[in-house]
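Residues per chain, in single letters:
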Amino acid sequence: MWRYVSGRQLDGFRQYKYSAVDTNPLSVYIMQPIWNKIIKIVPLWIAPNLLTFSGFVMILVNYFLISFYDWDYTASGTSPGLVPTWVWLFSAFTTFCAYALDSIDGKHARRTQSSTPLGELFDHGLDSWATSIFVLSFFSVCSRDNGKTGVSVYTMYIYLSIVLFNFMCSHWEKYNTGVLFLPWGYDISQVVLIAAYLLTGVVGVEVWQKPLLFGYYITDALVILLIGFSLFLSFPQTLYNIHRARLKKTLKNDSLYEGLLPLVSPLLLFILLTVWVVLSPGNILAKQPRLFLWMVGVAFSNVICKVIICQMSSTRPELFHWFLFPLALVVCAAISGLLGWMEEVVLAMFTVLVTAAHVHYGVCVGRQLSEHLNIYIFSLKKRVHE
């Protein structure tokens, strides 16, 4: 087992205390009462991490099922669509189940008195990956641009980048304040996703192909709302919370350099990816949108997982994530024309490498922390030292 977590970080995990604030009216007044009822039917012998992982598996199953019918995001661009109706209804079901499981895992941990830093890391680590998968699955609903309807692959890339940026801001905020201010966008996005799948399953993909108002489509409205929500609510709220912590002298990092350090690798990652998208001689994003966007999501998840570990263990994150170096080589080779027709092959190989590395990282970190904390990941039993 590769030991990704340092001894200092392991010691930091033992001192960690969870602190979160949820001010979203949708969550507080509507969803939380629902989750409080659902949690009562969960058997007490089930480990909270099992709930978390089950939700993530459902997200993956839904993604791969949609990918089977719509690999290149064109299946919903025709009328009627090529994706069976039952797939959209199944997507609504799996999204709701994943949403519910992700919302009750922490409650179940407190209910069974099994809350641990490993549980929080497991939850947020899978969330960092699931965030991109939710978005990539949704793109199949609205379809890619076919000259009449749909969204361009470049809009998809921008949309995904904004969503991941919002997720990054939440944990950057917690790195500096020590408090996780639960983003309003999460609950809203889950409800919108479920509604979108149900609407598509009941009415058909045609609903996305007709102008909604003043010549604008539903997808246009969603993009505008996302950008507006990020620029005028989410990011300003993050800056305000950090500023307030500074005034109260509860800021964890007094140095500007230390405070901004977690942003370096994520921003460099997106700069390199954007350069590849814009300057690719073979127009790689248009040729392999699903593969490229999957790679973006996995790479981001690994980068942000390391930030989460540093935040929870009160340690300094690395300046440059190792993914940046092979990615920089691939991007330079691609935009210089050196790869030629091999660009798609190299993308596939790099995607497999990044995904395998991320899975290996997650497995090893989970095992390392479970040994250090003397617990099992998927069981409430304590480890027995021989």
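Residues numbered from 1 in each chain as written. Predicted model: local features only at pLDDT ≥ 70, side-chain atom pairs only at ≥ 80, totals over all residues. Heavy atoms only, no water.

Spelled out, the test is: UniProt positions are given in the numbering used here, feature names are shortened, and annotations may be inferred rather than shown by experiment.
For the protein chain, an unreviewed UniProt entry supplies the name Ethanolaminephosphotransferase 1 and the organism Falco tinnunculus. Regarding the protein chain, the UniProt comment filed under Sequence similarities (unreviewed entry) reads as follows: "Belongs to the CDP-alcohol phosphatidyltransferase class-I family." What the UniProt record of the protein chain gives under Subcellular location (unreviewed entry) is the line "Endoplasmic reticulum membrane".

**Observations regarding unusual backbone geometry**
Put simply, the test is: Labels follow the DSSP assignment, with helices taken as runs of H or I lasting at least four residues and strands as runs of E lasting at least two, numbered in each case from the N terminus. Relative accessibility decides the category of a residue: with a 1.4 Å probe and only protein chains considered, values under 20% of the type maximum give buried, values over 50% give exposed, and everything between is partly exposed.
One non-glycine residue, Gln113, lies in the positive phi region at around 55 degrees. With respect to the helices and strands, the residue Gln113 is situated in the loop between α4 (85-111) and α5 (117-142). Looking at Gln113, the relative accessible area reads 76%, which means it is exposed. Its identity as a non-glycine residue notwithstanding, Ser143 has a phi of 70 degrees, on the positive side. Tracing the sequence through the fold places Ser143 in the loop between α5 and α6 (153-177). For Ser143, a relative accessible area of 1% translates into the label buried.

**Focus on a nonpolar patch on the surface**
Using the following cut-off: Only residues whose relative accessible area exceeds 30% and that form no salt bridge enter a patch; like-charged residues are grouped when within 9 Å of one another, and nonpolar side chains (Val, Leu, Ile, Met, Phe, Trp, Tyr) when within 5 Å. Values of accessible area rely on a 1.4 Å probe in the Shrake-Rupley scheme; residue burial ignores everything except the protein chains shown. A pair is scored as a salt bridge if a Lys or Arg side-chain nitrogen falls within 4 Å of a carboxyl oxygen belonging to Asp or Glu.
Where nonpolar side chains cluster on the molecular surface, the patch consists of Leu50, Phe53, Val57, Val61 and Phe378 and spans about 370 Å² of accessible area. With respect to the helices and strands, the residue Val57 is situated in helix α3 (residues 48-69). Among the residues examined, Val57 registers a relative accessible area of 32% and is labelled partly exposed.

**So, the nonpolar core**
Worth spelling out the cut-off: For this analysis, a nonpolar core means a set of buried residues of the types Ala, Val, Leu, Ile, Met, Phe, Trp, Tyr and Cys, connected via side-chain atoms within 4.5 Å.
Membership of the largest hydrophobic core comes to 111 residues, with the highest contact counts inside it found for Phe138, Phe139, Tyr157, Leu273, Trp276 and Phe292. Sorting elements by how many residues they give to this core places helix α11 (residues 289-313) first, with 16 residues.

**A few points about helix α12 (residues 324-335)**
Inclusion rule: Multiplying 1.5 Å by the helix residue count minus one yields the expected span of that helix. Contact between two residues is taken to exist if any of their heavy atoms lie within 4.5 Å; hydrogens are not considered.
For α12, with twelve residues, the first-to-last C-alpha span of 16 Å sits near the 16 Å given by 1.5 Å per residue. Considered for burial, the residues of α12 that qualify are Leu324, Leu327, Val330, Val331, Ala333 and Ala334. Next to the buried residues of α12 lie α9 (256-279) and α13 (343-372). Gly337, located one to two residues past α12, shows a positive phi value of around 85 degrees.

**Observations concerning the side chain of Ser370**
Heads up, the rule is: Whenever a nitrogen or oxygen atom comes within 3.5 Å of another N or O atom, the pair is scored as a polar contact, on the condition that within protein one atom can donate a hydrogen and the other can accept it, and that pairs from neighbouring residues in sequence are kept only if both atoms are in side chains.
You can see Ser370 is positioned in helix α13. Side-chain polar atoms of Ser370 contact the backbone oxygen of Arg367, separated by 2.8 Å.

**Overview of the environment of Tyr16**
In this fold, Tyr16 is placed in the loop between α1 (7-14) and β1 (20-21). In the structure, Tyr16 is positioned 162 residues away from Gly178 in sequence and 9.9 Å away in space, judged by C-alpha atoms. Ignoring sequence-local partners within four residues, the contact set of Tyr16 consists of Pro117, Glu120, Lys174, Gln311 and Met312. Reaching out from Tyr16, the side chain makes a polar contact with the side chain of Glu120 at a distance of 2.7 Å.

**Structural notes on helix α8 (residues 218-247)**
Operational definition: Throughout, bend refers to the angle between the axes fitted to the seven residues that end at a position and the seven residues that start at it.
Along its 30 residues, α8 runs 42 Å from first to last C-alpha, staying within 8% of the 44 Å computed at 1.5 Å per residue. Along α8, the helix axis deviates most sharply at Ser230, where the bend reaches about 40 degrees. Contact partners of the buried residues in α8: α5, α6, β2 (180-181) and α7 (184-203). Of the residues one or two after α8, Lys249 is the one with positive phi, at around 60 degrees.

**With respect to the packing of aromatic side chains**
Each aromatic ring pair is summarised here by two numbers: the centre-to-centre distance and the angle between the ring planes. Spelled out, the test is: Aromatic rings from Phe, Tyr and Trp, with only the six-membered ring used for Trp, were paired whenever their centres fell within 6.5 Å, and each pair was classed as stacked if the ring planes differed by under 30 degrees, edge-to-face if by over 60, and tilted otherwise.
Applying the stated rule across the entire model yields 25 aromatic pairs. Aromatic pair Tyr4 and Tyr361: ring centres 4.8 Å apart, planes at 65 degrees, arrangement edge-to-face. Here Tyr4 is found in the segment before α1, whereas its partner Tyr361 is found in helix α13, with 357 residues between them in sequence. Judged by its relative accessible area of 29%, Tyr4 is partly exposed. Where Tyr69 meets Trp86, the ring centres are 6.4 Å apart and the plane angle is 85 degrees; that geometry is what we call edge-to-face. Placement of the pair is Tyr69 in helix α3 and Trp86 in helix α4, with a sequence separation of 17 residues.

**Points about the packing of helix α2 (residues 25-38) against α7**
Heads up, the condition is: An axis is simply a line fitted to the C-alpha atoms; with a helix, the fit covers only the stretch in contact. Between two such axes, the angle follows the N-to-C directions and lies from 0 to 180 degrees. The scheme is simple: roughly parallel for angles under 35 degrees, roughly antiparallel for over 145, roughly perpendicular for 65 to 115, oblique for anything else. Side-chain classes are defined by residue name, with Ala, Val, Leu, Ile, Met, Phe, Trp, Tyr, Cys and Pro counting as nonpolar, Asp, Glu, Lys and Arg as charged, and the others, Gly among them, as polar.
Viewed as axis vectors pointing N to C, α2 and α7 meet at an angle of 50 degrees, and their least axial separation amounts to 8 Å. The angle between the axes of α2 and α7 places the two elements in the oblique class. Residues Pro25, Leu26, Ser27 and Met31 of α2 pack against Trp184, Asp187, Ile188 and Val191 of α7. The residue makeup of the contact of α2 with α7, split by class, is six nonpolar, one polar and one charged.

**Topic: the pattern of salt bridges**
Under the counting rule described, the total for this entry stands at four salt bridges. Glu120 is the partner of Lys174 in a salt bridge, and the nearest nitrogen-oxygen pair spans 2.4 Å. In this pair, Lys174 sits in helix α6 while Glu120 sits in helix α5, placing the two residues 54 residues apart along the sequence. Take Lys174 and Glu120: they sit in the same class, and that class is buried.

**Remarks on the side chain of Asp187**
With respect to the helices, strands and loops of the structure, Asp187 is situated in helix α7. Sequence-distant contacts of Asp187, defined by excluding residues within four places in its chain, comprise Asn24, Leu26, Ser27, Met31 and Tyr99.

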